[in-house]
Amino acid sequence: MTIITVLGTRPEIIKMSPLLPRFDGLGRHIVVHSGQHYSAEMDAIFFRELELRAPDHFLRVGSVDPARQVGLIAAGVEKIILESPPDWVVVHGDTNTTLGGALAAAKHRRSGVRLAHVEAGARSFDDLQAEELNRVLVDRMADLLFAPTEGDAANLAAEGIRPERVIVTGNTVVESCRRMATLVDGELPAGLTAYGYAVATFHRQESVDIPAVLSDIWAAISEIAKRLRVVIPLHPRTRKMIKLAGLDPSPPGMDVREPVGYREMTALLKHARFCLTDSGGLQEEAAILGVPALILRDRTEHRRYVESGLHRLAGIGRQAIVDEAKLLLVDAEWQSRRAIPQRLDHGVADRIIDAIGA
Ligand code: UD1
Ligand code: UDP
């Protein structure tokens, strides 16, 4: 059997890490890195920390306009499909890399190439979001869809996708996060005290590309930082937009850093009083580690943790974010609340490997 895996951004590397060595064991496995992320702290560090072998191909598309990026990735993957016709092309999630890889596979369906989508069926129902478009299109093209939850499978059914193409597997991030959480166990990043800080990450286009929205979120976090130190490993998109918007790059109480590796991120999150985030992956990891998240978005595709009461949708308005954070800061029951177990997934990689290997 020949499998081509296409990846190229930080979350894809992290969330595919439980699967990559196991695909190596199924036959010929070709790993294609799109180059959508390329800075060492967004890319190489995760291969090192997660002990992943080097990709076989680097497309080096870099940061270009989105349609061009998708096109370059599709063309690059197509070339590899033609050289080494695969049984499966596997993509993950909702990035431009995901869509590029999926398009290339779908165009060669008649030659027997099948497309598998890991983390299928997630929906924010926000059609303006770049990721929502990518998810919907990739799910429409995929032959096999690995849905993290029953709710994600129901989203696919509602879009007319035949149930025999869908397998509910759980989310691979549970395995990535648990593995790292065990490794970092008692580690606390230097200079911090457990639960004596919050951690924040945000980078979505809809949060950072509009200066008024970015300025509001930045002001809200600055306000919170007056009461509780906030550690922010800043995504390169956010750093660029803060500079363009002329905002204070380092307000008092805010501990602004370069993006950190997965080990440091897991240690930071594990001991944080709470996190503020618009990241999909971080919402899941916060739930796995029992850390409350204030979600800096109006909608989320990870509703089950909001429904369970651990996470709260704060939105992107300054006052709403500050008010939600204040509620968490005065919550006398916070320690017992974070101990409430969330419903988590087991055997996720096994289910995916069994289906691909069948
Ligand atoms: C992409 C994904 C998003 C995902 C995120 C993970 C799409 C549409 N978006 O967003 O779903 O949550 O990755 O982090 O695919 N840059 C660097 N170094 C890098 C990569 C990017 O400096 O290694 C800078 C560049 O200025 C670039 C900007 O960050 O223009 C944005 O990068 P891009 O890959 O376009 O989108 P992300 O915001 O990272
Ligand atoms: N992450 C990391 N270092 C950071 C910020 C995030 O290792 O400085 C990890 C985080 O723990 C999660 C993943 O990157 O596993 C999330 O990626 P990102 O927020 O870039 O994308 P999203 O999940 O929103 O698609």
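That block above? That's the structure.
Below you will find a few notes about this structure. Position labels on residues start from 1 in each chain and follow its written sequence. Just so you know, chain letters begin at A and ligand numbers begin at 1, following the order they were written in. Given that the model is predicted, a residue must reach a pLDDT of at least 70 before its local features are reported, and side-chain atom pairs must reach 80 or more before they are shown or counted; all residues, however, enter totals for whole chains, interfaces and linings. Where side-chain values are given, they derive from all heavy atoms of the structure, hydrogens and water being excluded.

On to empty space enclosed by the protein. Site definitions follow a grid-based scheme: protein atoms alone, a 1 Å grid, a 1.4 Å probe that fits but cannot get out for cavities, and for pockets an open set with protein on both sides within 12 Å along at least five of seven lines, plus lining residues having an atom within 4 Å of a point. Grid points are joined across faces, edges and corners, and a volume is the space filled by probe spheres set on the points. Going through the model one piece at a time under the given rule, you end up with one cavity of 30 Å³ or more. Contributing to the lining of the largest cavity are His 92, Val 118, Glu 119, Phe 146, Ala 147, Pro 148, Thr 169, Gly 170, Asn 171, Thr 172, Val 348 and Ile 352. Under the DSSP-based scheme used, a helix requires at least four consecutive residues in state H or I and a strand at least two consecutive residues in state E, with every element numbered from the N terminus. Elements supplying a minimum of two residues to the lining of the largest cavity: strand S6 (144-147) and helix H17 (348-357). Broken down by class, the residue content of the lining of the largest cavity amounts to six nonpolar, five polar and one charged. Lys, Arg, Asp and Glu make up the charged group, whereas Ala, Val, Leu, Ile, Met, Phe, Trp, Tyr, Cys and Pro make up the nonpolar group; the residues left over, Gly among them, are polar.

Here we take up the pairing of strand S8 (residues 197-201). With five of five residues buried, S8 is to be regarded as a mostly interior element. Only protein chains enter the calculation, and the probe is 1.4 Å; a residue is then buried if its accessible area is under 20% of its type maximum, exposed if over 50%, and partly exposed in between. Covered by surrounding structure in S8 are Tyr 197, Val 199 and Thr 201 together with Ala 198 and Ala 200, the residues of both alternating faces. Pairing of S8 with strand S9 (residues 229-233) involves three bridges; the strand directions are parallel. Considered in S9, the bridge of Val 199 is made with Val 231. Only strands joined by at least two bridges in the DSSP assignment are considered to pair. The sheet contact formed by S8 and strand S11 (residues 275-277) spans three bridges and is parallel. Considered in S11, the bridge of Val 199 is made with Cys 275.

This brings us to the site of ligand 2. Any residue with a heavy atom lying within 4 Å of a molecule or strand is counted as near it. Residues in contact with ligand 2 amount to 17 residues; listed here are only the nearest, Arg 204, Val 260, Ser 279, Gly 281 and Glu 285. Between an oxygen atom of ligand 2 and a side-chain N or O atom of Arg 10, the distance comes to 2.9 Å. Measuring from an oxygen atom of ligand 2, one finds a side-chain N or O atom of Arg 204 at 2.6 Å. Only the protein chains shown count as cover for residues, and all accessible areas are computed by the Shrake-Rupley method using a 1.4 Å probe. Here ligand 2 loses 96% of its free accessible area of 530 Å² to cover by the protein chains. Every element with two or more residues in the shell around ligand 2 is listed here: helix H1 (10-16), helix H12 (262-270) and helix H13 (280-289). When residues of the shell around ligand 2 are assigned to their parent elements, the largest contribution, four residues, is made by H13. A class-by-class count of the residues in the shell around ligand 2 yields nine nonpolar, five polar and three charged. Polar contacts, as used here, are pairs of N or O atoms within 3.5 Å; protein pairs need one atom able to donate a hydrogen and one able to accept it. Residues neighboring in sequence count only if both atoms are side-chain atoms.

By themselves these figures say nothing about function.
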